[in-house]
Amino acid sequence: MKFRHLFFAAFLLLGFAAQAAGTYSVPKREFRSAWVATVWALDWPRDANDNEANGMNAEVQKASMIRMLDSLKRNNFNAVNFQVRSMCDAMYKSSYEPWSSYLTGTRGKAPSYDPLQFVVEECHKRGMECHAWVNPYRFSTGANWTTAADNKLREDGHLLTYGNTIILDPAQQWTIDRITDVCREIITNYDVDGILYDDYFYPNGIPNNSTAEDYDEWKNSGTSMSIGDWRRDNVNRMVKSVYDMIQTVKPWVRFGISPAGVAATNGSVASKYGVEPCPSGSDWQYNDIFSDPLAWISSQTLDYISPQVYWKIGAKADYSTITPWWGKVVKKFGRHVYISTSISSMKVESDANTYVEYANQAEINRTSSLDGAFGSIYYSCKYLYMRNPNSLASYLRNTVYTRPALVPALPWKQGNNPGLVTN
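Below is a short write-up of the structure. Source: prediction; values computed, not measured.

### Looking at the nonpolar core
- Ranked by internal contacts, the top residues of the largest apolar core, which has 117 residues, are Trp326 and Leu384.
- The dominant element in this core, judged by the number of residues it contributes, is helix H8 (residues 227–249), at nine residues.
- Discounting residues that sit within four places of it in the chain, Trp326 has contacts with Ala260, Gly261, Ala263, Pro293, Leu294, Ile297, Ile305, Pro307, Val309, Val337 and Ile339.
- Core analysis: the second largest hydrophobic core is formed by 11 residues, Phe31, Ala37, Trp133 and Leu196 among them.

This is the structure:
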């Protein structure tokens, strides 16, 4: 058995050496995207001062976005995940929530254009998909929002607080309905190609005892579930509500979630779903933020999962063992996995010696896919261009993304053949 393990390790090393020389496969279909973070103006607008309140007009903001999209297209990416709701706010015209302060400098102040409409149109001009990135629960991480909509949330008792983190209370049916309505409005009013949640659910580390704000809510709910199972069920019900709504309104819109990168390392959790435990890393999300990705995959209440496997090949939480495990899980339940990769730790002086890690990760994503539905999402967009002209984006184009790719087809969705192309 030890010899087999050594042989496999040698095989991997030889494979990576060959890949370093540039011998990568390039599939016809592959999801290639980047997270475009607007919270705290991380990726766009270009920095926290680039808003209309500080004289940064709409045309400058638009030009900044166009440069990003042009570069993504030039480097054979086919999608973006544009953050449209980060703190119960909006980067679009919303009937429910105030305009984002990260856009105009003042929460609730309308800009002179609609960013989501602009990004969708610009993506589609380039043959790229635009997935609206939504944080479902987060209201504040310390800021004291005071718009009329914010004050009403407080007055009506819809918020749950732990430390500096304030979220919409996941246990309330009102919250489930509000998040569903928000996502319904987005897909109804905008021609987005997908909705994607990030990895924030309950506040990290919220206690299970009477010091928690929702403890009495759990005790009075009449449930026989533990408080942990009750919290996870609250999240699961919200996920299902949004997925079911999308199937009714626009079933071709993809729905994805990007949880923490490791799940079900505990054998009892894994056995609930008939899978092997994740072989590497630690599943902190199950009991710390009450996120259970296998529940969504097994119930088929999403189209794709994008776990944040933010570690390197050979690390203690090993990219090369965690990623194939996700491939097996989604194959079992008939869904897709597009791995999220962190490039935010790169330094400005990064070069090909650093970049080869990310090319090899993209190749692992491909070899780990058991159904030909390959995919990678990079966090975050600005780090693709930290060093021009020798940026990571151009390196990927010259290695793993040498040709354009179509996004993966979803065989569980009904499709209509439009016929031969004309004109």
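That was the structure; now back to the text.
### Here we look at empty space enclosed by the protein
- Within this structure, the stated rule accounts for one cavity of 30 Å³ or more.
- The computed volume of the largest cavity comes to approximately 50 Å³.
- In terms of lining, the largest cavity is formed by Thr323, Trp326, Gly327, Val337, Ile339, Asn365, Ser368, Ser369, Phe374 and Gly375.
- Top element by residues in the lining of the largest cavity is helix H12 (residues 319–333). It accounts for three residues.

### Considerations on the sheet that holds strand E9 (residues 304–305)
- Across the sheet, which stays open at both edges, the nine strands sit in the order E10-E9-E8-E7-E3-E2-E1-E12-E11 with parallel pairing between neighbours. Lying at the two open borders of the sheet, with one neighbouring strand each, are strand E10 (336–337) and strand E11 (339–342).
- Relative to strand E12 (residues 374–379), E11 runs parallel, the two being bridged by four bridges. Considered in E12, the bridge of Ile339 is made with Ser376.
- Lying on the sheet, H8 is in contact with strand E7 (194–197) and strand E8 (254–257); it crosses E8 at an angle near 165°.

### Concerning the pairing of strand E6 (residues 165–168)
- Inspection of the sheet shows strand E4 (residues 138–140) paired to E6 by two bridges, in the antiparallel sense. Each residue of the ladder has a partner; that of Ser140, found in E6, is Ile166.
- Sheet analysis places strand E5 (residues 159–162) next to E6, joined by four bridges and oriented antiparallel. Residue Leu160 lies in a different strand from E6, and its bridge partner there is Ile167.
- The hairpin turn running from E5 into E6, its antiparallel successor, is two residues long, and Gly163 in that turn takes a positive phi close to 65°.

Each value, and the rule that gives it
- Residues numbered from 1 in each chain as written.
- Predicted model: local features only at pLDDT ≥ 70, side-chain atom pairs only at ≥ 80, totals over all residues.
- Heavy atoms only, no water.
- Core = buried A, V, L, I, M, F, W, Y, C linked by side-chain atoms within 4.5 Å.
- Buried < 20%, exposed > 50% of the residue type's maximum accessible area, 1.4 Å probe, protein only.
- Helix = DSSP H or I, 4+ residues; strand = E, 2+ residues; numbered from the N terminus.
- Contact = heavy atoms within 4.5 Å.
- 1 Å grid on protein atoms, 1.4 Å probe; cavity = no way out; pocket = protein on both sides within 12 Å on 5 of 7 lines; lining within 4 Å.
- Points joined across faces, edges and corners; volume = space filled by probe spheres on them.
- Pairing = 2+ DSSP bridges.
- Axes fitted to C-alpha atoms, helices over the stretch in contact; angles between N-to-C directions.

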